[in-house]
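Descriptive analysis of the structure
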Amino acid sequence: MENLIALLVGAPLLGAAVLLCGGRRLDKSGHWLGTLLAAVSFFIGLALFADMLGKGAEDRAMHQRLFTWISVDGFQADIAFQLDQLSMTFVLLITGVGTLIHVYSIGYMEHDERRRRFFGYLNLFVAAMLLLVLADNFLLLYFGWEGVGLASYLLIGFWQHKPTAATAAKKAFLVNRVGDMGLSIAIMLMFTTFGTFAFGPVFAATDEASEGKLTAIGLMLLLAACGKSAQVPLQSWLGDAMEGPTPVSALIHAATMVTAGVYLIVRSADIFNAAPDAQLVVTVVGAVTLLFGAIVGCAKDDIKKALAGSTMSQIGYMILAAGLGPIGYAFAIMHLVTHGFFKAGLFLGAGSVMHGMNDEVDMRRYGGLRKYMPVTFATFGLGYLAIIGFPGLSGFFSKDKIIEAAFAKGGTEGWILGSVTLLGAAITAYYMTRVMLMTFFGEKRWQPDAEGHAPHPHESPKSMTIPMVLLAFGSVFAGAFFGIGDRFVAWLEPVTNFEHGHPPISAGAITGATVAVMVIGVGIAYLQYGRRPVPVVAPRGSLLTRAARRDLLQDDFNHAVFVTGGTHLTRSLVYVDHTLVDGVVNGTAASVGGLSGRLRKLQNGYARTYAVSMFGGTAVLIAATLLMRAV
Amino acid sequence: MSFPLLTVTAAVPAVGAILTAAVPAARRTAAKWLALLVSLATLVLAAVVFARFEPGGDRYQLTESHAWIKDFGVRYELGVDGIGVALIALTALLIPFVILAGWHDADPLETKSSRWRPTQGFFALILMVEAMVILSFEATDVFLFYILFEAMLIPMYFLIGGFGDRAHAGSDENAAAQRSYAAVKFLLYNLVGGLIMLAAVIGLYVVAGNFSLTEIAEARANGSLEMATSTERWLFLGFFFAFAVKAPLWPLHTWLPNAMGEATAPVAVLITAVVDKVGTFAMLRFCLGLFPEASKWATPAIVVLALISIVYGALVAVGQRDIKRLVAYASISHFGFIILGIFAMTTQGQSGATLYMVNHGISTAALMLVAGFLISRRGSRLIADYGGVQKVAPVLAGTFLIGGLATLSLPGLAPFVSEFLVLVGTYARYPVAGIIATTGIVLAALYTLVLYQRTMTGPVKEEVRTLPDLRPRELAVVIPLIAVLIFLGVFPKPLTDVVNPAVQHTMSDVQQKDPTPEVEAAK
Amino acid sequence: MNPVNYLYLAALLFTIGAAGVLIRRNAIVVFMCVELMLNACNLAFVTFSRMHGNLDGQIIAFFTMVVAAAEVVVGLAIIVSVFRARHSASVDDASLMKL
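It should be emphasised that the depicted structure is a prediction, and the values quoted were computed from it without experimental measurement.

Before going further, it helps to spend a moment on the overall build of chain C. Regarding its fold elements, chain C presents three helices and zero strands. Secondary structure elements in chain C, listed N-terminal to C-terminal, are α-α-α. The C-alpha atoms of chain C give a radius of gyration of 16 Å, which is well past the 13 Å a tight globule of 99 residues would have. When each of the 99 residues of chain C is scored for burial, the buried share is 26%.

Okay, here's the thing in structure tokens:
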């Protein structure tokens, strides 16, 4: 069975290669090929999963080594895979949700002339993401890490003719590269500390390394996670990334790629467990982002950007949980999986709405759509209930566990983190209700698009609704399936070494509080957006609202410091290069030229002058010789 | 006596150059095909050298030695180590693509104002450069190397000054003036470097009594040749200066953007991907091999200069308005990485630097040649004159992007392997330098993606609307290069196998050991 | 007779020749002055040969004569062709090499 692991990556990679190199001949069939290969990967994943279930919990990890990638004295990196419970979870999520989104894209991208290429990029993404989660060393993980970054870049900028899309793609790649810098430094640190960066040897040797080194490695890994998972301070790219086609937002910027940071931290659990300072920073980053994303999500009128804010916030939950250590890892991953279902479903719903509304994204121009798009409404509604943590649905189980774990951290920290997660739950309920009400309820506020076509909302084709229904199914039942009886925790036990936490207040009380804050959030949103008509033009709003609309001024800060500052720096360096560095050279040349111009005047062309200089020279020589002799 | 394989490998392009130059003026196409065939024959010979080289064997293999100038102990001594083999392979690999890419660059222009361009001369000069570069990678006699190091300036001077880029803003006279400025600057810079090196070569002869690299290194190693500390340092500086000009290292770099900007794209590739590698190669072979103590003494300063090159080159690249100058500054940044890797004095760093030389050659060739195809279509080098090319010429844009991704060292493409090795090797010895160099990966992404965004994406510009996509000849240039990039990115073993033993020798030359990992050191 | 007197004569002749080269403009005269200087040197060589009692000086004098003869051939040819081209034998007129 182990030998199938490479095929998991290989199938979509083959698809990407064929689709991207195949040329126009594949325009008609390319999307089917792409979907088929993603599905092949999913079924291989299922087969491996079945095989894994047949073994004892401790023997489930599988390894496959293909060949040596880089080998230099002392530095050894292999193309080798490791499939354990954690990777398996991701494999199923990536290929499962991935396949559904491939199917969805067949309908969504139907009218795009570059659909073949879109599927090529999607396949490339699936391959890279699988490589990321299957790698058995950090360098190969880095390979996948950058690979998903590339796929994300290509897909955000898929509509390259739009300057905004091209800029957003570039921004995403650059911000991610800052995170990648963290990952490379982490690998270098591992290499100098442990002499290797393969998972097994590194994790086995963590207790021999100094805590300072481990903290440094942990912080660098966190930097990487911040870049990929859009956590503060590297979160600014995610909102702009919504320029990409909606299936991309669903797959890459909601369900899978942005959760890679959580994977990285949970995978490196042994390092973080031995570096409490790094863990504390992880929880702080998670908590800050949780609130940051939620606040931004409240103010956005663009449906996808509101959902992007929500993604950021939910990943904040996961990062926070991962920072809690063994009591939180399993819940981080559980929330990651349920979030994968409901957030992908929500994005696909948003795409379906846009599909019916002439690609309008402003929620202030929606309204009353529930009658026109019943399937979309139902699936979106279920996703909505799941994300706000409505009792019984997926989000309820996973989020509640994280809140409990946060309280269980103990001490002042526990109370602060717990309160933040509760507050986040309230805001989540608020902004999601807002999205729901503005889109599907209220009166119609539809506006004709730029070319004057009035929208005629209609339900999307089957290829789009079926994936939405399946994801809604997951949004409803996954949580209960995982959560009841701690199935999921037990499954991940060999990887995460789960410890039971003991929150200072009873679990029941926490659950009650969670439900209560959710109801409050929903209530406030209903009062604001359900009872009153929604203005088509956004009101000016309070200072906080205006700041939140601008991503809490993060972009303005980035622009002022990095973009403007950087532009000035490069301009002045270009100037320095031209006038100073090159100037010295050209100045030397000019002064040599000037000197020779002056010396040239001695050559006046009269033979006599030359003769005099010869005589003079001879006389001087003779005189010198005589003088030397005399001395 | 065994078959003089190394001599033949260098002689084939040299003889080919003479034959190409002798083709009658009217048979221009025949000259092109002849040049291409000769370069392919050289590639075959280089492959034979690669195959015959035994990684586990002696340090210098396939050696040849003949007396040349007896009175001064100058010998015609050849031999290759793994580093030389890798670079010979790179040179032989790139030249056919350079010739193919420059197929029409030296065709006579139809318009009256331009002068007649000797096509034969163009290809003959390229082959001449190839011969000299290959021979310089083989030379183990310092004097022989010096002669070649200087002699290759002559054909390069004519290639830069005589066959400029036709896409030039401004009048023909202005273009000619710019070109001749660039060519003269190239020549003067390198001649000054060469002159200082000549002084050092003579100094070395005075101290050592002969020019043989192997003999001097051996005598130094076993203590029979003592060298005063200050003498060694002066000689080292003399050699290093010449190589730093050639490489080029900040602040001796300003000739490169001019030369690469004014030359045609294939010649620009010849400069940065092939000829400049002689500089970094010589640092490894001569600076470290002959003056190990002085190398260690100078390391801190050189590491700082290399770091400045990395960051400065990348930042200035961001600010460029000319596509080719941008690639030139990117190369300066990359040469910073190579020099950093060499002087980090770790096996990872030096293996990485050697791989970097090869990979940078291929990746820059891919990027620069596609850029050249683009420029020849639109007739402008300015980034601002492009926009939306992706829509009209998707294959061109795609290959350009791959070239760019190779330049920013994306994993899966060859440059990643070498860049990461250099970074790890540097970090192991100088953590702060390693971290500063790592910022280079962000800056590389910045200049590459800005270039791609401004030229390829966005609304289609009016002048760009009719650009044709890549033609078969151009595809024949780009696709093999990309294939090599991907192959070496995933499976660099053929190269590392050859390079690793050579790096071990260099490490023992400078008597350095890799730092032990903390965990092992604690035990 | 004291051979030193011949040296005085040689010095005198040389000075006259040198002054002629510097002062006169007619190429023929300048040329003759150069010859005068050469012969002054010859005289000095022969004198030295006599004074030191060996033949080296005389041999060099023969060399000088051969060189002088060759110089006359080339020099006169140049002067004649310059005169033909420019209708002047003045050395000042031939200053084309000056920039």
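Once the structure has been displayed, the description carries forward.
Here we take up the interface of chain A and chain B. Many authors give the size of an interface as the accessible area that is lost as the parts come together. Between chain A and chain B, the residue contacts involve 55 residues of the former and 64 residues of the latter. In this structure, the connection of chain A to chain B is made through two salt bridges. Glu113 of chain A is the salt-bridge partner of Lys391 of chain B, the closest N and O atoms lying 3.6 Å from each other. Scanning the region where chain A abuts chain B turns up 17 residue pairs in polar contact (both at pLDDT 80 or more). Of all elements in the fold, only β1 (62-72), α5 (138-156), α6 (163-194) and α23 (554-600) of chain A reach the threshold of two or more residues within the side of chain A that touches chain B. A total of 19 residues in the side of chain A that touches chain B trace back to one element, the largest contributor, which is α6 of chain A.

So, about the pattern of salt bridges. Taken as a whole, this structure holds 25 salt bridges over all chains when the rule is applied. Across the pair Lys296 of chain B and Glu293 of chain B runs a salt bridge, and its minimum N-O distance is 3.6 Å. Taken as a pair, Lys296 of chain B and Glu293 of chain B lie in helix α12 (residues 292-318) at a separation of three residues, close to a single helical turn. With relative accessibility at 25%, the residue Lys296 of chain B sits in the partly exposed group. Note that Glu474 of chain B and Arg471 of chain B form a salt bridge whose closest N and O atoms lie 3.7 Å from each other. Classification of Arg471 of chain B by relative accessible area gives partly exposed; the value is 40%. Ionic contacts of the salt-bridge type, sharing partners, join the residues Asp301, Arg364 and Arg434 of chain A into one network.

As far as domains go, chain A holds domain 1 (1-170 + 246-267), domain 2 (282-448 + 463-539) and domain 3 (559-630). Of note, the centres of domain 2 of chain A and domain 3 of chain A, computed from C-alpha atoms alone, are 73 Å apart.

What follows covers the nonpolar core. Ranked by size, the top nonpolar core spans 415 residues in total, and within it Phe239 and Phe243 of chain B carry the most contacts. The dominant element in this core, judged by the number of residues it contributes, is helix α11 (residues 265-290) of chain B, at 17 residues. Residues lining this core come from more than one domain, with at least three contributed by each of domain 1 (1-170 + 246-267) and domain 2 (282-448 + 463-539) of chain A. Ala611 of chain A together with Phe31, Met37 and Ile79 of chain C belong to the second-largest nonpolar core, a separate cluster that totals 11 residues.

In this section: the packing of helix α1 (residues 5-22) of chain B against helix α2 (residues 28-52) of chain B. Residue and element names in this part refer to chain B. In the contact formed by α1 and α2, the axes pass within 9 Å of each other and the chain directions differ by 175 degrees. Between α1 and α2, the angle falls in the class roughly antiparallel. Of the residues in α2, those in contact with Leu5, Leu6, Val8, Thr9, Val12, Pro13, Gly16, Leu19 and Thr20 of α1 are Ala31, Leu34, Ala35, Val38, Ala41, Thr42, Leu45, Ala46, Val48, Val49 and Arg52. Tallied by class, residues from the contact of α1 with α2 come to 15 nonpolar, four polar and one charged.

At 3.6 residues per turn, the α-helix brings residues three or four places apart onto the same side. With 20 residues, helix α4 (residues 115-134) of chain A extends 28 Å from end C-alpha to end C-alpha; this agrees with the ideal 28 Å at 1.5 Å per step. Taking burial as the measure, the 20 residues of α4 of chain A include 20 buried ones, the bulk of the element.

Once that is clear, we can look at the UniProt feature "domain: NADH:quinone oxidoreductase/Mrp antiporter transmembrane" (unreviewed entry) in chain A. Those places that UniProt annotates as "domain: NADH:quinone oxidoreductase/Mrp antiporter transmembrane" (unreviewed entry) correspond, in this numbering, to residues 135-421 of chain A. Secondary structure content for residues 135-421 of chain A is 76% helix and 0% strand, and the end C-alpha separation is 32 Å.

Counting from both sides, the interface comprises nine residues of chain A and, opposite them, 13 residues of chain C. Buried area between chain A and chain C, both sides added, is near 880 Å², and the carbon and sulfur share of it is 68%. Together, Gly605, Arg608 and Phe615 of chain A form the three largest contributors to the area buried by chain A at its contact with chain C, with a combined 57%. Between the two partners, chain A and chain C, sit zero salt bridges. Put simply, chain A and chain C have zero residue pairs in polar contact (both at pLDDT 80 or more) between them. The dominant element in the side of chain A that touches chain C, judged by the number of residues it contributes, is helix α24 (residues 607-630) of chain A, at four residues.

What follows covers the environment of Ala224 of chain A. All names here are of chain A. Counting through the fold element by element, Ala224 comes out in helix α8 (residues 211-228). Separated by 363 residues in sequence, Ala224 and Gly587 place their C-alpha atoms 47 Å apart. Here Ala224 is in contact with Trp145, Gly179, Leu183 and Leu264, once residues within four sequence places are set aside.

On to the pairing of β1 of chain A. All names here are of chain A. Bridging between β1 and strand β2 (residues 75-83) involves nine bridges; their strand directions are antiparallel. Residue pairing in the sheet places Phe67 in a bridge with Ile79 of β2. A loop of two residues connects β1 with β2, the two strands running antiparallel in sequence, and Gly74 in this loop sits at a positive phi of about 85 degrees.

Let us now look at unusual backbone geometry. Residue and element names in this part refer to chain B. The omega torsion across Ala247 and Pro248 is -15 degrees, close enough to zero to call that bond cis. When you line up the elements, Pro248 lands in the loop between α9 (229-246) and α10 (255-262). Look at the link from Trp250 to Pro251: it is a cis peptide, with omega at 0 degrees. Tracing the backbone shows Pro251 in the loop between α9 and α10.

It is worth spelling out the UniProt feature "transmembrane region" (unreviewed entry) in chain C at this point. Residue and element names in this part refer to chain C. As recorded in UniProt, the feature "transmembrane region" (unreviewed entry) lies at residues 6-23, 28-48 and 60-83. Here residues 6-23 is 100% helix and 0% strand, with 26 Å between the C-alpha atoms at its ends. As a span, residues 28-48 carries 100% helix and 0% strand, and end to end its C-alpha atoms are 30 Å apart.

All names here are of chain B. Pairing between strand β1 (residues 61-69) and strand β2 (residues 74-80): six bridges, direction antiparallel. Residue Gln61 lies in a different strand from β2, and its bridge partner there is Val80. What sits between the antiparallel neighbours β1 and β2 is a turn of four residues, in which Gly73 has the positive phi angle 65 degrees.

With that settled, consider helix α16 (residues 394-407) of chain B. Residues and elements named next belong to chain B. Given a rise of 1.5 Å per residue, 14 residues ought to cover 20 Å, and the 20 Å separating the end C-alpha atoms of α16 matches this to within 8%. Judged by how many residues are buried, α16 sits mostly within the fold: 11 of 14 residues are covered. Positive phi shows up at Ser409, right after α16, with a value of about 60 degrees.

In this section: the confidence of the model for chain C. Taken as a whole, chain C shows an average pLDDT of 88; of its residues, 95% reach a score of 70 or greater. Predicted as a complex, the structure gets a pTM of 0.88 and an ipTM equal to 0.91.

All told, the structure shown has 53 aromatic pairs over all chains when counted by the stated rule. Members of the aromatic cluster, each reached through a chain of ring pairs, are Trp69, Phe75, Tyr142, Phe143, Phe191 and Phe197 of chain A together with Phe416 and Phe420 of chain B. When the ring centre of Phe481 of chain A is taken as origin, the NZ or CZ atom of Arg487 of chain A, which lies over that ring, is 4.6 Å away. The ring of Phe149 of chain B is capped by Lys246 of chain B, whose NZ or CZ atom sits 4.4 Å from the centre of that ring.

All names here are of chain A. The contact between helix α15 (residues 329-356) and helix α16 (residues 374-388) brings their axes to 9 Å, and the two run at 145 degrees. Our pair here, α15 against α16, has a crossing hand that is left-handed. On α16, the residues that touch Phe342, Lys343, Leu346, Gly349, Ala350, Ser352 and Val353 of α15 are Thr376, Phe380, Gly383, Tyr384, Ala386 and Ile387. Within the contact of α15 with α16, the residues separate by chemical class into eight nonpolar, four polar and one charged.

What follows deals with the arrangement of the chains. Contacts between protein chains span two pairs of chains, and they are most numerous for chains A and B. The closest approach of any C-alpha atom in chain B to one in chain C is 22 Å; the two make no contact.

Basis of the calculations
Numbers given for residues are sequential positions, taken from 1 along each chain in its written order. Chains and ligands are labelled sequentially in the order written, the chains with letters from A and the ligands with numbers from 1. For this predicted model, a pLDDT threshold of at least 70 governs which residues receive local features, and a threshold of 80 or more governs which side-chain atom pairs are given and counted, while totals over whole chains, interfaces and linings are taken from all residues. Side-chain metrics rest on all non-hydrogen atoms present in the structure, leaving aside hydrogens and water. The numbering of helices and of strands both runs from the N terminus, where a helix is a DSSP run of H or I of at least 4 residues and a strand a run of E of at least 2. With C-alpha atoms as the basis for the radius of gyration, the globule rule is written as 2.2 Å multiplied by the number of residues raised to the power 0.38. Think of it in three bands: with a 1.4 Å probe and only protein chains considered, a residue is buried below 20% of the maximum accessible area for its type, exposed above 50%, and partly exposed in between. Only heavy atoms enter the contact rule, under which two residues are in contact if any of them lie within 4.5 Å. Note on definitions: salt bridges are taken to be side-chain nitrogens of Lys or Arg within 4 Å of carboxyl oxygens of Asp or Glu. Identification of polar contacts relies on pairs of N or O atoms within 3.5 Å, with a donor-acceptor requirement for protein atoms, meaning one able to donate a hydrogen and the other able to accept it, and with residues adjacent in sequence counted only if both atoms are side-chain atoms. Annotation comment: domain bounds sourced from an automatic or database domain assignment. To form a nonpolar core, buried Ala, Val, Leu, Ile, Met, Phe, Trp, Tyr and Cys residues must be joined to one another through side-chain atoms within 4.5 Å. To obtain an axis, a line is fitted to C-alpha atoms, over the contacting stretch when the element is a helix, and the angle between two such axes runs from 0 to 180 degrees between their N-to-C directions. In what follows, roughly perpendicular refers to angles from 65 to 115 degrees, roughly parallel to angles under 35, roughly antiparallel to angles over 145, and oblique to any angle outside these ranges. We call Asp, Glu, Lys and Arg charged. Ala, Val, Leu, Ile, Met, Phe, Trp, Tyr, Cys and Pro are nonpolar, and the rest, Gly among them, are polar. Take the residue count of a helix, subtract one, and multiply by 1.5 Å to get its expected span. UniProt positions are given in the numbering used here, feature names are shortened, and annotations may be inferred rather than shown by experiment. Two parts placed together each lose some accessible area under a 1.4 Å probe, and adding up what both lose gives the buried area. Being paired, for any two strands, means DSSP has found at least two bridges between them. A score between 0 and 100, pLDDT records how confident the predictor is in each residue. Stacked, tilted and edge-to-face pairs are distinguished by plane angle, under 30 degrees for stacked and over 60 for edge-to-face with tilted covering the rest, among Phe, Tyr and Trp rings (Trp via its six-membered ring) whose centres lie within 6.5 Å. Either the NZ atom of lysine or the CZ atom of arginine qualifies as a charge over a ring when it sits within 6 Å of the ring centre and within 35 degrees of the ring normal. Note on convention: near helix rotated counterclockwise from far helix by under a right angle means a left-handed crossing. Clockwise means right-handed.

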